[in-house]
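So you can see what is in the structure, the chains are spelled out below.
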Amino acid sequence: SGLYHLPPSRVAAVEALADRDRFCLMKADIAEQKSVENTLSRLGSALKFPIWYGANFDALFDCLCDPDWQPSKGHVLLINGLARLRTSDPDDFATLIEVFQAVAEARRERMEPFWILIDTPARGIPAFPEA
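Please read all numbers here as calculations on a predicted model, not as lab measurements. (Residues numbered from 1 in each chain as written. Predicted model: local features only at pLDDT ≥ 70, side-chain atom pairs only at ≥ 80, totals over all residues. Heavy atoms only, no water.)

J.: How should the packing of aromatic side chains be read in this particular structure?
T.: The way to describe two aromatic rings as a pair is by their centre distance and the angle between their planes. Summed over all chains, the structure comprises five aromatic pairs. Residues Tyr4 and Phe128 carry aromatic rings whose centres are separated by 5.3 Å and whose planes lie at 80 degrees to one another, so their mutual orientation is edge-to-face. With a gap of 124 residues between them, Tyr4 in strand β1 (residues 2-5) and Phe128 in the segment after β4 (114-118) connect regions that are remote in the sequence. We note that Tyr4, like Phe128, is buried. (Phe/Tyr/Trp six-rings, centres within 6.5 Å; stacked < 30°, edge-to-face > 60°. Helix = DSSP H or I, 4+ residues; strand = E, 2+ residues; numbered from the N terminus. Buried < 20%, exposed > 50% of the residue type's maximum accessible area, 1.4 Å probe, protein only.)

Shown next, in the form of structure tokens:
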């Protein structure tokens, strides 16, 4: 499990691997979102969070760590369009990255295959390894 940067040129290969391994593959395109509130709301819609999702960082963490959310033997989340948030609100972008890292760590501790792949480079986030 982990949080990685995935260049657009590698998306098709990752989608094929997720399909091969029968992992839950979910995509969220948030390119048009300028604020963290809109970004979190869009993530909730795209990732089919439960009705109680409050579109805040704590709720994002709770939903992504919930074993009953999208039950599967593994998950791959493709998050596209974070560059605009990184530019318009670098502090909230950094907090979002921290939440994604905490989710990946929690899933790793439970030995659950769970990858969050973002198309926008971020400090301290490695590139997704070659297959």
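J.: What's the story with the environment of Asn38 in this structure? I'm lost.
T.: Within the element layout of this structure, Asn38 appears in helix α2 (residues 36-46). The spatial distance from the C-alpha of Asn38 to the C-alpha of Trp69 is 21 Å, given a sequence separation of 31 residues.

J.: How should I be thinking about the nonpolar core in this particular structure?
T.: Buried together is how nonpolar side chains tend to be arranged in soluble globular proteins. Of all hydrophobic cores here, the largest spans 35 residues; its most connected members are Leu43, Leu60, Leu64, Ile79, Phe100 and Ile118. Elements with a minimum of two residues in this core: β2 (24-29), α2, α3 (57-65), β3 (75-80), α5 (90-109) and β4. Looking at this core, the element that brings in the most residues is α5, giving seven residues. If we ignore the near neighbours within four places in the chain, the residues touching Leu64 are Leu47, Phe49, Trp69, Leu77, Phe100, Val103, Arg107 and Phe114. In terms of nonpolar packing, the next biggest core, distinct from the first, is built from nine residues, Leu6, Val76, Leu78 and Phe128 among them. (Core = buried A, V, L, I, M, F, W, Y, C linked by side-chain atoms within 4.5 Å. Contact = heavy atoms within 4.5 Å.)

J.: Which parts of the structure should I look at to understand the packing of α2 against α5?
T.: Two elements in contact, α2 and α5, have axes separated by 10 Å at closest approach and are oriented at 30 degrees. Judged on the interaxial angle alone, α5 and α2 are roughly parallel. In the crossing of α2 with α5, the sense of the turn from one axis to the other is right-handed. Between α2, through Val36, Thr39, Leu40 and Leu43, and α5, the contact on the second element is made entirely by Asp92, Leu96 and Phe100. Tallied by class, residues from the contact of α2 with α5 come to five nonpolar, one polar and one charged. (Axes fitted to C-alpha atoms, helices over the stretch in contact; angles between N-to-C directions. Parallel < 35°, antiparallel > 145°, perpendicular 65-115°, else oblique. Left-handed = near helix turned anticlockwise from the far one by under 90°. Nonpolar A, V, L, I, M, F, W, Y, C, P; charged D, E, K, R; others polar.)

J.: Is there a simple way to think about the layout of surface pockets in this case?
T.: Rolling a probe over the atoms, with the probe sized like a water molecule, indicates the empty space that remains. One number sums up the size of the largest pocket: a volume of about 210 Å³. Along its surface, the largest pocket is lined by 13 residues, and Leu17, Asp21, Phe23, Trp115 and Phe128 are the ones closest to its centre. Among the secondary structure elements, those contributing two or more residues to the lining of the largest pocket are α1 (11-20) and β4. Broken down by element, the residue count for the lining of the largest pocket peaks at four residues, all from α1. Classifying every residue of the lining of the largest pocket by side-chain character gives 11 nonpolar, no polar and two charged. (1 Å grid on protein atoms, 1.4 Å probe; cavity = no way out; pocket = protein on both sides within 12 Å on 5 of 7 lines; lining within 4 Å. Points joined across faces, edges and corners; volume = space filled by probe spheres on them.)

No statement about biological role is implied by the geometric values presented.
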